[in-house]
Amino acid sequence: MPNLEPTNIHAQLAFYIAGPSMDVDTARNAAEQLDGQMSPFILDHLSRPPELPRYPRLQPPPFQTSPIAFFQQNSSLSIADLPGTWAKPCLAWVNRQKRSQQLAEACDLMQDPFRQENWDGPDDALVAGLLLFAFSPEPGSRLRRQLLATALKTPQGAYLAAESLHTASERDQIIPPLAGDNIATLGASRVPGFGSACLKQARGRRDLASGLMVARLGTEADFSNWLRTTGLAACEDNHAAVSMLVLNPTAPPAARSLWLSTLKNAQATAAGYAAIFWSRHTLAPPEWHSMKDELRQLTTHQGGCAWFNFYLHLEPENAGLALSQPADPLWAFELAHALDLDVAPLSYWLGDRLGKFTYDREASLILEALQHRQELKRKGDLYGTTL
């Protein structure tokens, strides 16, 4: 149990004394409003949208997990040229590029039956899953077996396999890998034949995606029990706290205060962003703005991933002001690029930072990229896409 301030202890006591009782109908209505908005975010793993003859449901991700603009626009730089702290996002971008390139090449190959005969298929699970969906090779064929085996290496690949045409025996193979990702399970739960297995997994989990499955597929008793146990878990579990904040728009102030304190005490920036992002579909505007204001400091104080997503998706009108305050340089460049902001404030504080240290490779690289981007914009390339 996290350390709580006295006011939060009082809220917790009130919560336990109250039952806790939940308005099941209101929570179910909230889940119905939100269910269609949440799907596996396949596009977050690709450098560009795929060109396929048939598409699964591909939604833009509500939470970008890694910066891409700097690496996309400075492709001549290698990891050896970058600060060590940038190695992980750089590799993530390289993997996105490889995945998109592999998918493009595989789509060409899938058009040629002769080239397929000795092809073992791609080695990437998402690529294999997208090919299964788009081309659906003959049941029993060697290529189909290869694609399915590769797709099932990750939950996202398994979700794509579920969305594709599949046999009953293949369905039995698809279900177990889904368990590794709750949103992949949610996506598969909408496919005929998968509901029962997905509901079984969701009943014992406390995250928002699982709550949506229990609300849609379970009985009233199932959902009532899920709300009660998740409400108790939300005293110390970030995912459960997000679920309660989003699915209980009429919750008592004491309960809401407790769930908010769970996120704040854990400094859970990503969970704070998720609570704000998803609750805008379920809370009345005054309550939503109040929650956003209360979680703003938690979500933005690190100036990194959650900071970027907050200003991109939730407060783009204040992004320019945010850019005038020091943040992670990579994410600051990402925000400036995504919204085409005036970069003068960013250049100012990066220059100030550079002047305070003998050697600041991060600030130096971003300043060079900003200067080059501005030069290209003056030449008519508005977004600096050819950096």
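Here's a quick rundown of the structure. (Residues numbered from 1 in each chain as written. Predicted model: local features only at pLDDT ≥ 70, side-chain atom pairs only at ≥ 80, totals over all residues. Heavy atoms only, no water.)

On to the overall build of the protein, then. Looking only at helices and strands, one finds 22 helices and zero strands in the protein. In terms of overall size, the protein behaves like a compact globule, its C-alpha atoms giving a radius of gyration of 23 Å where 387 residues would be expected to give roughly 21 Å. If one aligns the C-alpha atoms of the protein with their principal axes, the spans along those axes are about 65 × 65 × 30 Å. Put simply, the protein has 387 residues, and 50% of those count as buried. (Helix = DSSP H or I, 4+ residues; strand = E, 2+ residues; numbered from the N terminus. Rg over C-alpha atoms; globule rule 2.2 N^0.38 Å. Buried < 20%, exposed > 50% of the residue type's maximum accessible area, 1.4 Å probe, protein only.)

Bringing the layout of surface pockets into the picture now. Its volume calculated, the largest pocket comes out at about 1000 Å³. What lines the largest pocket is a set of 32 residues, and nearest its centre among them are Phe 41, Phe 63, Thr 65, Asp 181 and Ile 183. Per-element tally for the lining of the largest pocket: the top contributor is helix H16 (residues 269-279), with five residues. Classifying every residue of the lining of the largest pocket by side-chain character gives 18 nonpolar, eight polar and six charged. In this structure, the second largest pocket spans a volume of roughly 430 Å³. Mapped by element, the contributors of at least two residues to the lining of the second largest pocket are helix H3 (69-73), helix H18 (305-314) and helix H20 (329-339). (1 Å grid on protein atoms, 1.4 Å probe; cavity = no way out; pocket = protein on both sides within 12 Å on 5 of 7 lines; lining within 4 Å. Points joined across faces, edges and corners; volume = space filled by probe spheres on them. Nonpolar A, V, L, I, M, F, W, Y, C, P; charged D, E, K, R; others polar.)

In this structure, Ile 68 sits in the loop between helix H2 (24-35) and H3. Spatially, the C-alpha atoms of Ile 68 and Ser 189 are 31 Å apart, while their sequence positions differ by 121 residues. In this structure Ile 68 touches Trp 93, Arg 96 and Glu 334, once residues within four positions along its chain are discounted. (Contact = heavy atoms within 4.5 Å.)

This model, assessed by the stated rule, comprises 14 salt bridges. Two residues, Arg 296 and Asp 293, come together in a salt bridge whose shortest N-O distance is 2.8 Å. Of this pair, Arg 296 and Asp 293 both sit in helix H17 (residues 285-300), separated by three residues, roughly a single helical turn. Here Glu 315 and Arg 296 are joined by a salt bridge, their closest N and O atoms 2.7 Å apart. Separated by 19 residues along the polypeptide, Glu 315 in the loop between H18 and helix H19 (319-322) and Arg 296 in helix H17 bring together distant segments of the chain. Note on Glu 315: relative accessible area 2%, which makes it buried. Arg 296 sits in the partly exposed class, given a relative accessible area of 24%. Look at the salt bridges and you will find they share partners, linking Lys 292, Asp 293, Arg 296 and Glu 315 into a network. (Salt bridge = Lys/Arg side-chain N within 4 Å of Asp/Glu carboxyl O.)

For any pair of aromatic rings, geometry is given as the distance between the ring centres together with the angle between the planes. One pass over the structure, following the stated rule, counts ten aromatic pairs. On the numbers, 4.8 Å between centres and 90° between planes, the contact of Phe 277 with Trp 278 is edge-to-face. Aromatic ring contacts, followed pair by pair, group Phe 63, Tyr 273, Phe 277 and Trp 278 into a single cluster. One cation-aromatic arrangement involves Arg 54 over Phe 133; the distance from NZ or CZ to the ring centre is 4.6 Å. (Phe/Tyr/Trp six-rings, centres within 6.5 Å; stacked < 30°, edge-to-face > 60°. Lys NZ or Arg CZ within 6 Å of the ring centre and 35° of its normal.)

Everything listed is a geometric property; what it means functionally is a separate question.
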